[in-house]
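# Overview (structure and organization)
Here are the chains, one letter per residue:
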Amino acid sequence: MTRDGGPADRWAVAVADDGSARYCPLTREGAAAAEPRTAPDVAGALRAAPPATRWVWRSTAEVAPPATGVHVARCHDVEAAEAVLLGHEGAFGEPRGLPAAFARLRGLPVPADRPAAAPGEGQPSLFEGAGLFGGAGRPGLPPGTDPLGALLEVYGGQLRRTAATRHPGRLTLLLAAESAGMLVAAEMDAAGLPWRADVHLALLDELLGPAPPGGLEPRRLTELAAEVSAAFGFRVRPDLPAQVLAAFRKAGFPVRSTRSWELRQLDHPAVAPLLEYKRLYRVHTAHGRAWLRSWVHEGRFRARYVPGGAASGRWTTNGGGALQIPRVVRRAVRADPGWRLVVADAAQLEPRVLAAVSGDPALAEVAGQDGDLYAALSRRLFAGDRERAKLAVLGAVYGQTSGEGLRHLAELRARYPLAVRYVDDAAEAGERGRLVRTHLGRTCPPADAGAGDAGSADAFPESGEAPAGRGAAARARGRFTRNFVVQGSAAEWALLMLAALRRSLAGTPAELVFFQHDEVIVHCPAEQADAVSEAVRAAGEAAGRLAFGPSPVRFPFTVAVVESYADAKG
DNA sequence: TGGACCGGCGCC
DNA sequence: AAAGGGCGCCGGTCCA
């Protein structure tokens, strides 16, 4: 996936407005190695090159590989790469589109990116991108520019920018992984997750009562709301936190919020129906009949994955909430008759990643076995108390600041100083406003690039103050960057794992249908399930070696072969 | 009327 | 006194 055997195994293709495609093989430096040719459509271009070709293109979404019917082994998605490179260069606000990248190279005014396609349709509206050079509804290249030429110019520039970094090999790997992720995402979007609407509807009937006509509130919710009101002695709408809060206070319970964990501790008859109401209300609003109508068609739930959608490199989705499928509705995710779902969950991924990236030999030794990492850790450090071991690790990764966890963390620090120092350093860098990168080089956006006043660390310059003396915003920033290096490096492992798995499933009937941070689902014929399970395990180990180099750390999966997603333990 | 924000909760 | 990171989505409220 990352080894380019020779110059001619990279080709480039540019899609014109009329759907035709200009393409050519490339030299090592990314220049045209032969006179470009034109095919009437993308598929024609893709068929012209050898099967193992790495295709360089503007964006995977534009080429839409699944729609061409041609298997693409590898690609370099220029716009995805541009986003990573801009981040690495500290230019987070810059547009990442090909026209913008081209303009930066040429010193021209930089056009804004094309807005994301409206949900449901891929076509930008007539008005979008009507600014600079905005030809046929999208921000374009300067008039008269050859799209393939511009693509190659930007690509060549990316190769040079990558080579100029401190760890060009790592960044090259990250760009390849990100592009592989774009391919996987496009294919999973097209395949969809097998989803039985009939099972889902039966489940809703069971939980909420039969569907009331006209979109009224499900019967069970109405009943529970009545129970809540009865318990208080006056009408309370359970879906209005302010009302619930007032009701509890009136009853003599000084609660601060209506969060479930807080209500659970109260001794009041309204609590039980209220908690049940919250649980069912959530199912109703987030994964009820309306969701089913919007998102499940022809037996598949088609999400729209956004690789790298989160700052850490984790994926997000656009609508449908594919990464938040509640456990209760997983019953509706069912393999086709005669097929199975291979549900594979990377076991204790984040501590394993921490062991690998930090190079802590003692922790690597613990992570060098396939068994439960927390149990193994607890045998060495916490007298066999797995929960304490887990709390200590999570405290290190998330930035524990108080309580039991903090003491456990201190013990962890004493025994595994390199591992804990790795995340402590990331936290300190964040607090001081310095750059923080993942193992392969994905760079943490600055504090002010995201949510509101998350707090620019610059507001708290190194003043010699103890960390406790710095602002709360700086400490929050430290927790963010502390977690970023682990979560982000784990996301890189996951990308490489996906890429390896995709490659080993190519040409078989098996299809990757789901990915969620550290978990994949492959849908395959029953007789293929064992081979797929093995392929997943192999992909995990390969990803570990590729991402982190030689290391004793193992990356095992918990694998379940099931007919329903609900039957995988999770 | 629509956007921004919030409380709350689902997943990792 | 409280003190864990990342997301998306819902329905609500507030406000222009």
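Under an unreviewed UniProt entry, chain A has the name DNA-directed DNA polymerase and belongs to Streptomyces lonarensis. Its UniProt record, at the heading Catalytic activity (unreviewed entry), says of chain A: "DNA(n) + a 2'-deoxyribonucleoside 5'-triphosphate = DNA(n+1) + diphosphate".

Moving on to the overall build of chain A. Across its full length, chain A holds 21 helices and 14 strands. Relative to its 570 residues, chain A shows a buried fraction of 50%. Counted over contacts in chain A with a minimum sequence separation of 6, partners at least 24 positions apart contribute 62%. Put simply, chain A shows about 25,400 Å² of open surface, and 54% of that area lies on carbon and sulfur atoms.

This next bit is on the pairing of strand E1 (residues 10–15). The buried fraction of E1 is high, at six of six residues. Of the two faces of E1, the one carrying Arg-10, Ala-12 and Ala-14 and the one carrying Trp-11, Val-13 and Val-15 are both buried. In terms of strand pairing, E1 meets strand E4 (residues 54–57) through three bridges, oriented parallel. Each bridged residue has a counterpart across the sheet, and for Ala-12 the counterpart in E4 is Val-56. Counted along the chain from E1 to the antiparallel partner strand E2 (residues 21–25), the turn is five residues long, and its residue Gly-19 has a positive phi close to 90 degrees.

Moving on: the pattern of salt bridges. As enumerated under the stated definition, the model contains 29 salt bridges in all. Of the charged contacts in the structure, one is a salt bridge between Arg-58 and Glu-79, with a shortest N-O distance of 2.9 Å. Note that Arg-58 is positioned in the loop between E4 and helix H2 (60–63) and Glu-79 in helix H4 (residues 78–88), a separation of 21 residues in sequence. Neither Arg-58 nor Glu-79 differs from the other in exposure class; each is buried. For Arg-442, the salt bridge is made with Glu-178, and the minimal N-O distance between the two is 2.8 Å. Residue Arg-442 is located in the loop between helix H19 (417–431) and helix H20 (472–505), and its partner Glu-178 is located in helix H7 (residues 168–191); the two are separated by 264 residues in the primary sequence. With a relative accessible area of 7%, Arg-442 lands in the buried category. Take Glu-178: its relative accessible area is 5%, and that puts it in the buried class.

Turning to the environment of Arg-289, a few remarks are in order. Mapped onto the elements of the fold, Arg-289 is located in helix H13 (residues 289–295). Sequence-wise, Arg-289 and Ala-211 are 78 residues apart; in three dimensions their C-alpha atoms are separated by 8.7 Å. With near-sequence residues (within four places) excluded, Arg-289 lies in contact with Leu-201, Leu-204, Asp-205, Gly-209, Pro-210 and Ala-211. At 2.5 Å, the side chain of Arg-289 and the side chain of Asp-205 are in polar contact.

Take the protein's contact with DNA strand C next. Looking at DNA strand C, there are 26 residues lining it, with Tyr-281, Gly-319, Thr-401, Arg-479 and Phe-480 nearest. Put simply, 67% of the atoms of DNA strand C that lie within 4 Å of the protein are in sugar or phosphate. Here a phosphate oxygen of DNA strand C and a backbone polar atom of Gly-320 are 3.4 Å apart. Listing elements by their share of the surface near DNA strand C, those giving two or more residues are helix H12 (271–287), strand E10 (316–317), helix H17 (386–398) and H20. When residues in the surface near DNA strand C are grouped by element, the largest group, four residues, is from H20. Along the lines of polarity and charge, the residues of the surface near DNA strand C split into seven nonpolar, 14 polar and five charged.

The nonpolar side chains of a soluble globular protein tend to be buried, and buried together. In terms of nonpolar packing, the biggest core is built from 112 residues, with Trp-195, Phe-301, Leu-412 and Trp-493 touching the most fellow members. For this core, the element with the most residues is H20, which contributes 13 residues. In this view, Trp-195 contacts His-200, Trp-291, Leu-292, Val-296, Gly-299, Arg-300, Phe-301, Ile-325, Val-329, Ala-332 and Val-333; residues no more than four positions away in its chain are not counted.

What follows is about the environment of Thr-60. Mapping Thr-60 onto the fold places it in helix H2. Among the residues examined, Thr-60 registers a relative accessible area of 1% and is labelled buried. Remark: the alpha-carbon pair of Thr-60 and Val-78, spanning 18 residues in sequence, is separated by 8.8 Å. Those residues in contact with Thr-60, other than ones at most four positions away along the chain, are Pro-65, Cys-75, Asp-77, Met-182, Leu-183 and Ala-186.

For the rest of this paragraph, the subject is the packing of aromatic side chains. Summed over all chains, the structure comprises 16 aromatic pairs. Following the ring pairs from residue to residue traces out a cluster consisting of Trp-195, Trp-291, Trp-295 and Phe-301. The ring of Phe-234 has Lys-250 sitting right over it, with the charged end atom 4.5 Å from the ring centre.

Conventions we followed
- Residues numbered from 1 in each chain as written.
- Chains lettered and ligands numbered in written order.
- Predicted model: local features only at pLDDT ≥ 70, side-chain atom pairs only at ≥ 80, totals over all residues.
- Heavy atoms only, no water.
- UniProt positions renumbered as here; feature names shortened; annotations may be inferred.
- Helix = DSSP H or I, 4+ residues; strand = E, 2+ residues; numbered from the N terminus.
- Buried < 20%, exposed > 50% of the residue type's maximum accessible area, 1.4 Å probe, protein only.
- Contact = heavy atoms within 4.5 Å.
- Areas by Shrake-Rupley, 256 points an atom, 1.4 Å probe, with all protein chains shown as cover.
- Pairing = 2+ DSSP bridges.
- Salt bridge = Lys/Arg side-chain N within 4 Å of Asp/Glu carboxyl O.
- Polar contact = N/O pair within 3.5 Å; in protein donor to acceptor, adjacent residues only side chain to side chain.
- Near = heavy atom within 4 Å.
- Nonpolar A, V, L, I, M, F, W, Y, C, P; charged D, E, K, R; others polar.
- Core = buried A, V, L, I, M, F, W, Y, C linked by side-chain atoms within 4.5 Å.
- Phe/Tyr/Trp six-rings, centres within 6.5 Å; stacked < 30°, edge-to-face > 60°.
- Lys NZ or Arg CZ within 6 Å of the ring centre and 35° of its normal.

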